[in-house]
Every structure is written in C-alpha cells, then in structure tokens.
Amino acid sequence: MILVTGGAGFIGANFVLDWLKEPNAEGIINLDKLTYAGNLATLASVKNDPRHLFVQGDIGDRALVAKLLKEHQPRAIVNFAAESHVDRSIHGPADFINTNIVGTFNLLECAREYWNGLQAAQKTNFRFHHVSTDEVYGSLLPTAPAFNETHPYEPNSPYSASKAASDHLVRAWFHTYGFPVVTTNCSNNYGPYHFPEKLIPLVILNAINLKPLPIYGDGQQVRDWLYVGDHCSAIRTVLAKGRLGETYNIGGWNEKANIDVVKSICQILDELKPRADGQSYATQITFVNDRPGHDRRYAIDARKIERELGWRPAETFDTGIKKTVQWYLDNPIWVEGVVSGAYRDWLDKQYS
Ligand code: NAD
Ligand code: DAU
C-alpha cells in the first residue's frame, strides 16, 4: 500500500482517483483531516473500493500516524496535506504554521521511526514524497529566467513561508538521517474538483451565477498553469523513478497573466453557455483591491524532470481549460455541496 495525506483535497483526491483507475494499483490509505478544503463527495466513486481506506485524522497526530504505519506497512508516503490558500494565510497564518510546518515535522518523525524498523529490502525501497509549490521561490521579474531547482528560496506570504519551512525540514531529514525523501515543487494547478476559493473555479462559478469576476490589482500577475492530471502523472513518475534527496520542479509551460486567464474562461463560457442577454461574461470583470505582498510572476523551468525522468505535461492551457469549464458545467451537484454553508462566510470576508 501507499499512504496519501490530504487525499480529500483538490490535488490529493485527483491523485487518488487517477491511481485507482489502474486495475492492478496498490491500495491507498488516505489520511485527511477534512478541513473546509477536504471533501468526501470528491471521493464518492471510490467509497466502496476495497483498495481505498479513508481515515479522518491529522498528519500531526503521531499516535494515529504510527498506528496506521504499523498496521498497513506502506511502501511510500505522499504528503499532500496542507493549508493551501494564500489569501486565507494572510487573514490567519496559525493553521498554516500548525499543519504545514509542525504537522510535516510530526509526520516526518513518525515516518522515520517506522522506516528505521523496516527490514533491509523494504527500507531501501521506502519513499517519502513531499508535495510542494513554486511559491517558495518568491516572485520573478518579467524577463527573468523561470525557476529551476537551484533558485534561492524567497517566500513572500505566510503560506509560501510555511511550505518553504516544510521543504527545509524534508531536506534536512535526508541529509541528517539518510531518510529517503523526494520533493516536487509545482506551479498553479487547475481542473476538476478545485475548491472555488481559487481563481479559476471562482471565476467559472461567479460567471455563470452572473456575479462580478474579481481581479486583484491590475490583473497582470503571471502564473504558470498546469492541468491537475498532469501534476498527478508527474508525481507518479517521481515516486517511481526520482532520485533520493532530489527536488523536481513541475510546470505546464503555460505562463499567463490573470486577466488573460479570466478572459479565456469568459470566451469559453460565451460559446458553451451564452448569457441570456447576449452579452459576454467578460462584462462581469471587476478590478478589486490587490492581495497584500502579491507575487508578480511565477514560471517553472521543468527541464530537469523531462531530462531525467522523461515527464512532460500532456495538456496545453487551451485543452485543459476547456475540459475544466465543461466539468464545472456538468457537475452542479458537486458544486452545490461545496458552495453552500461555510464557503459563503469566506466570500463575505474576502470580497466584501
Ligand atoms: P487543498 O487545500 O485543496 O487540500 C488540502 C487537503 O489537506 C484537504 O483535504 C485538507 O482537509 C487536508 N488537510 C489540511 N490540514 C491537514 C492536516 N493537518 N492533516 C491531514 N489533512 C489535512 O490543497 P491542494 O490544492 O490539493 O494542494 C495539495 C498540496 O499541493 C499542498 O501541499 C499544496 O501546497 C501543494 N500545491 C498546490 C498547488 C495548487 O495549485 N493547488 C500547486 C503546487 C503545490
Ligand atoms: O503556484 C502554486 C500555488 O498556486 C499553490 O502553491 C497554492 O496552493 C495555490 O493556491 C496557488 O496559489 P495562487 O495564489 O497563485 O492561486 P490563486 O488561485 O489564489 O490565485 C491565482 C492568481 O489570481 C493570483 O495572482 C491571485 C489572483 N486572484 C485570485 C483570486 C482568488 C485574483 O485576481 N482574484 C481572485 O479572486
């Protein structure tokens, strides 16, 4: 088996669903705290799959993690669990420190103790895969080369600082204890099951509900977008073939300014679901106050993972964004489950 943490969130759940599509796949223990971002509805199709064991719990709960490791003897851990939204980290950093730093520390310690007790062959094969972000590298000038794996860490938000700290812990556990880790730093993901606090799903849902499409600042901030299925395939590749102690940057070669992303979504919706009044959804675009400390540009140089492990993204931004918009139109029940309740309080807090 493998142990996946945070597997009820956006990327973790996509990873679990992709993994279990393979008929001969190893089983998954899915440990997730079910914060506001965790959603069992996303995992409905594998609810009765005997290869999927869901456990609600915290990566920082050492007794629980130790018990799961002892009982199920996984050959790898893939750590997705995190607080992941930059704007929430600005309103309240404490959860980010607790989960992303202290939680990762506790998980590492439990995993190291388990690994120490393994027989030689299992010990050699064991992997701890830490899923991280390009935001740890900070912000790029418009013409600067994209982030490669040796770019200095310069995190600018409480979220990215907490992820940077966790990356450093993972690195130190390799160098100090010989604990077998790999880390991946990925650019912005988008795709099915994305929680609509993030730009792309927020804009799709606001558009079809005829609400404003909020663009922070001048909308010229650049992100490098990667379809979530491509991120999952990259993680599988690194888990299988990545060199221990190495980090691999993962990106989509799709640098786009926020305003252009939003205009693309409006154009697709104008074709798939034209507004009753015949106007474009782009008329709903509204410029709002900028995010404090907003990073101007991220871009990933993904040549190392391509050169060493042969991975490249399968989707372009055009193909991925069309699939994504269509998915949100086709899945109103999942959407309704997410946007009711506490999600409304977040929108009031952030956009009022
Ligand atoms: P998400 O917020 O959608 O999901 C996070 C999941 O972790 C949720 O299911 C939540 O319940 C769970 N969780 C939170 N705290 C926990 C804890 N203490 N113990 C156990 N479970 C806990 O996040 P995501 O977008 O799926 O991101 C997953 C990982 O990928 C994160 O580590 C994030 O930093 C990283 N990442 C995200 C992106 C992106 O664009 N979304 C890009 C690069 C890297
Ligand atoms: O780069 C990887 C990171 O991508 C991950 O590590 C994070 O977990 C993930 O949340 C994402 O961070 P961003 O801050 O880049 O994503 P977000 O979707 O929140 O914002 C994308 C861009 O859009 C960013 O420049 C801020 C802007 N934005 C966002 C929202 C929610 C807006 O202009 N308006 C909005 O309402």
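### Quick word on the site of ligand 1
- Ligand 1 sits among 28 residues. The nearest are I11, D32, S84, Y159 and K163.
- Residue F10 places a main-chain N or O atom 3.0 Å away from an oxygen atom belonging to ligand 1.
- L34 places a polar main-chain atom, nitrogen or oxygen, 3.4 Å from an oxygen atom of ligand 1.
- Look at ligand 1: alone it shows 830 Å² of surface, and the protein chains cover 97% of it.

### Some thoughts on the packing of aromatic side chains
- With the rule as written, the count across this model stands at 23 aromatic pairs.
- Their ring planes at 85° and their centres at 6.0 Å tell us that F105 and W173 sit as a pair that is edge-to-face. One end of the pair, F105, is in helix α4 (residues 94–116); the other, W173, is in helix α6 (residues 158–177), and 68 residues separate them in sequence.
- Residues F126 and F179 carry aromatic rings whose centres are separated by 6.1 Å and whose planes lie at 45° to one another, so their mutual orientation is tilted. Placement of F126 in the loop between α5 (120–125) and β5 (127–133) and of F179 in the loop between α6 and β6 (181–186) is noted, with a sequence separation of 53 residues between them. As far as the burial class goes, F126 and F179 line up, both buried.
- Cluster of aromatic residues (ring-pair linked, three or more members): Y114, W115, F126, F128 and F179.
- Note that R88 overlies the ring of W346, its terminal NZ or CZ placed 4.4 Å from the centroid.
- Lying across the ring of W115, K123 places its NZ or CZ 4.7 Å from the centre.

### Section: the pairing of β6
- Judged by how many residues are buried, β6 sits mostly within the fold: six of six residues are covered.
- Residues of β6 alternate between two faces, with V181, T183 and N185 on one and V182, T184 and C186 on the opposite face, all of them buried.
- With six bridges connecting them, β5 and β6 associate as parallel partners. The partner of S132 across the bridge, within β6, is N185.
- Remark: the β5/α6/β6 crossover connection has right-handed handedness.

### Details of the state of the cysteines
- By the definition in use, this model includes zero disulfides.
- Sulfur of C186: no disulfide; nearest cysteine sulfur belongs to C232 and is 9.5 Å away.

### Focus on the site of ligand 2
- Close contacts around ligand 2 come from 24 residues, with T133, D134, Y159, R291 and Y351 the closest.
- At 2.7 Å, a side-chain N or O of E135 approaches an oxygen atom of ligand 2.
- Here a nitrogen atom of ligand 2 sits 2.9 Å away from a polar atom, N or O, in the main chain of P214.
- Calculation on ligand 2 without its partners gives an accessible area of 690 Å², and the protein chains cover 95% of this total.
- At the level of elements, α7 (199–208) and β8 (213–216) are the ones that each hand at least two residues to the shell around ligand 2.
- In terms of residue count, the dominant contributor to the shell around ligand 2 is β8 (three residues).

Parameters at a glance
Residues numbered from 1 in each chain as written. Chains lettered and ligands numbered in written order. Predicted model: local features only at pLDDT ≥ 70, side-chain atom pairs only at ≥ 80, totals over all residues. Heavy atoms only, no water. Near = heavy atom within 4 Å. Polar contact = N/O pair within 3.5 Å; in protein donor to acceptor, adjacent residues only side chain to side chain. Areas by Shrake-Rupley, 256 points an atom, 1.4 Å probe, with all protein chains shown as cover. Phe/Tyr/Trp six-rings, centres within 6.5 Å; stacked < 30°, edge-to-face > 60°. Helix = DSSP H or I, 4+ residues; strand = E, 2+ residues; numbered from the N terminus. Buried < 20%, exposed > 50% of the residue type's maximum accessible area, 1.4 Å probe, protein only. Lys NZ or Arg CZ within 6 Å of the ring centre and 35° of its normal. Pairing = 2+ DSSP bridges. Right-handed = clockwise from strand over helix to strand, strands pointing away. Disulfide = S-S within 2.5 Å.

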